[in-house]
Structure formats: C-alpha cells, structure tokens
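A closer look at the structure
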Amino acid sequence: MKVFNYSLCAGLAISFGLYAQQEKNPAFQIKNNSKFPIAIKLIQQDRVLKIKGEDLVEIEPHATWELSSLDISKPTMMELNYCKSKDNCPALEKKTVTVSLGQKKEIRSEKSLPFSLMATFEPNKTIYIKWNGKTIKPQTGRRGKKKTAEGYSLENNVTTDDITIEYYS
C-alpha cells in the first residue's frame with residue numbers, strides 16, 4: 001500500500017508540475033529589439049483587450065512584454081505605434097499598404113517616425129514575435145533551439161505565413 005501511495009504522490013507531483021509549467025507559458029510575447037519605444041494595442045473579435053485597465057501597453061527599447069490570458073483560439077490583431085518618444089506618438093490614419101511578411105519591401109526610416117502598423121495573426125498558435133524597428137517577425141529561438149530565450153516552446157508559434165501586416169504612412 002505504501003508503494004502505491006508513493007507512486008500516486010509522485011504521479012500527482014509530476015502532473016501538477018507539467019500543468020504549472022504549461023500555465024506559466026504566455027500566449028503572446030513581443031520583444032522590442034528597436035532603439036525607440038513602442039505602444040501596442042491587442043484586438044480580438046473587434047474588441048480592444050484591456051490590459052490592467054488600459055488600451056495601450058508601452059514597451060521600452062530592448063524590453064520584452066508578455067500576456068498569458070490571450071485566447072489564441074481567436075484571430076488576434078495588434079496595432080503597433082513606433083515613436084521616437086512617448087510625447088510624439090499619435091495614432092496615424094493615412095494611406096494603408098497591405099503586405100505579407102514573405103514579401104520583401106523597404107518599410108520606414110527613422111526620419112518618418114512616428115508610424116503605425118496593424119498585424120493580424122492566424123488563430124490557434126502562440127504569438128511569440130519580435131520588432132526590429134522596421135517589421136515584425138516570429139521569434140526563432142537561439143542557435144537552432146525550438147525555444148525562446150525564456151524557454152517557451154516554439155513548436156506551435158506563428159510563422160511568417162501566419163502574419164499579415166498593414167503599414168500606415
């Protein structure tokens with residue numbers, strides 16, 4: 001009977017550990033690898049998601065921000081505003097050009113800051129992305145490993161084919 005109890009306890013501990021590990025992996029992560037701050041807004045089913053009561057999340061240069069509570073079963077949109085400073089970050093509504101990440105296109109230079117873009121992500125995949133000041137790309141892991149720098153699996157992450165971007169000039 002004691003062997004059974006120890007086995008049961010060990011099994012429960014392993015199961016709980018795996019469950020806890022799954023729970024701490026976020027559904028969304030963005031790395032701002034640019035030299036200026038960004039402000040993002042997440043949208044699902046035509047509703048802006050409130051993050052701590054706010055529409056916009058500000059992310060400093062070379063910082064990472066993540067969200068666990070995003071429902072990845074729904075299509076997700078992200079508005080990204082790229083600005084030289086928080087004081088110079090208006091929402092822009094001018095010409096729109098839609099491009100797929102698979103296409104090569106020169107985007108913006110620092111002289112044209114601020115600017116905005118809207119990225120749409122296909123559902124049922126984690127959204128681990130990076131921003132380099134010109135475009136959004138899926139995170140690829142370090143040295144061929146299929147994990148983010150934080151150790152999150154990239155097995156079910158968005159690919160370039162799962163992302164569509166509209167740039168606002």
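Read on for a plain summary of the structure. Predicted, not measured: the structure shown is a model, and the values here were computed from it. The residue numbering used here restarts from 1 in each chain and proceeds along that chain's sequence as written. For a predicted model such as this one, the threshold for reporting local features is a pLDDT of at least 70, and the threshold for listing and counting side-chain atom pairs is 80 or more; totals across whole chains, interfaces and linings nevertheless cover every residue. Water and hydrogen atoms were dropped before computing side-chain values, which therefore reflect all heavy atoms in the structure.

1. Points about the packing of aromatic side chains
Here a ring pair, both rings aromatic, is described through the centre-centre distance and the interplanar angle of the planes. Aromatic rings from Phe, Tyr and Trp, with only the six-membered ring used for Trp, were paired whenever their centres fell within 6.5 Å, and each pair was classed as stacked if the ring planes differed by under 30 degrees, edge-to-face if by over 60, and tilted otherwise. Enumeration according to the criterion identifies four aromatic pairs in this entry. Seen from their ring centres, Phe28 and Trp65 are 6.0 Å apart, and the 65° between their planes marks the pair as edge-to-face. Within this pair, whereas Phe28 is found in strand β1 (residues 28-32), its partner Trp65 is found in strand β5 (residues 63-67), the two being separated by 37 residues in sequence. Both residues of the pair, Phe28 and Trp65, belong to the buried class. In this text, helices come from DSSP runs of H or I with a minimum length of four residues, and strands from runs of E with a minimum of two, each type numbered from the N-terminal end. The cut-offs for exposure are 20% and 50% of the maximum accessible area for each residue type, with area from a 1.4 Å probe on protein chains only; residues under the lower value are buried, those over the upper are exposed, and the others partly exposed.

2. A look at the sheet that holds β5
Here, strands pair whenever DSSP counts at least two bridges between them. In spatial order, the strands read β5-β1-β9-β10; together these four strands make up an open sheet with mixed pairing. At either end of the open sheet lies a strand with only one pairing partner, and these are β5 and β10 (136-138). On average, each strand axis in the sheet is tilted by 20° relative to the strand beside it, whichever way the strands run. In terms of strand pairing, β1 meets β5 through five bridges, oriented antiparallel. Looking at β5, one finds that Lys31 is bridged to Thr64. Lines fitted to C-alpha atoms define the axes here, with helix axes fitted over just the stretch in contact, and angles between the N-to-C directions of these axes take values from 0 to 180 degrees.

3. What to know about the pairing of strand β6 (residues 76-82)
The buried count for β6 comes to six of seven residues, which makes it a mostly enclosed element. One ladder, built from seven bridges, connects β6 with strand β8 (residues 115-121); its direction is antiparallel. Following the sheet pairing, Tyr82 is matched in β8 by Phe115.

4. Focus on the environment of Val158
Its location among the elements puts Val158 in the loop between β10 and β11 (163-168). Residue Val158 is classed as buried on the basis of its relative accessible area, which comes to 3%. Residues Val158 and Ile127, spaced 31 residues apart in sequence, show a C-alpha to C-alpha distance of 5.7 Å. Here a residue-residue contact requires only that any non-hydrogen atoms of the pair lie within 4.5 Å. Non-local contacts of Val158, meaning those with residues more than four positions away in its chain, are made with Phe121, Lys125, Thr126, Ile127, Ile129, Pro138 and Ile163.

5. A look at the pattern of salt bridges
Any Lys or Arg side-chain nitrogen located within 4 Å of an Asp or Glu carboxyl oxygen qualifies as a salt bridge. Going through the model one piece at a time under the given rule, you end up with four salt bridges. One salt bridge in this structure joins Asp71 and Lys74, with 3.8 Å as the shortest N-O distance. Of the residues examined, Lys74 reaches a relative accessible area of 26% and is grouped as partly exposed. Asp162 is paired through a salt bridge with Lys125; the nearest N and O atoms lie 3.0 Å apart. Of this pair, Asp162 sits in the loop between β10 and β11 while Lys125 sits in the loop between β8 and β9 (127-131), and the two are 37 residues apart along the sequence. Classification of Asp162 by relative accessible area gives buried; the value is 12%.

That is the geometry; function is a separate question.
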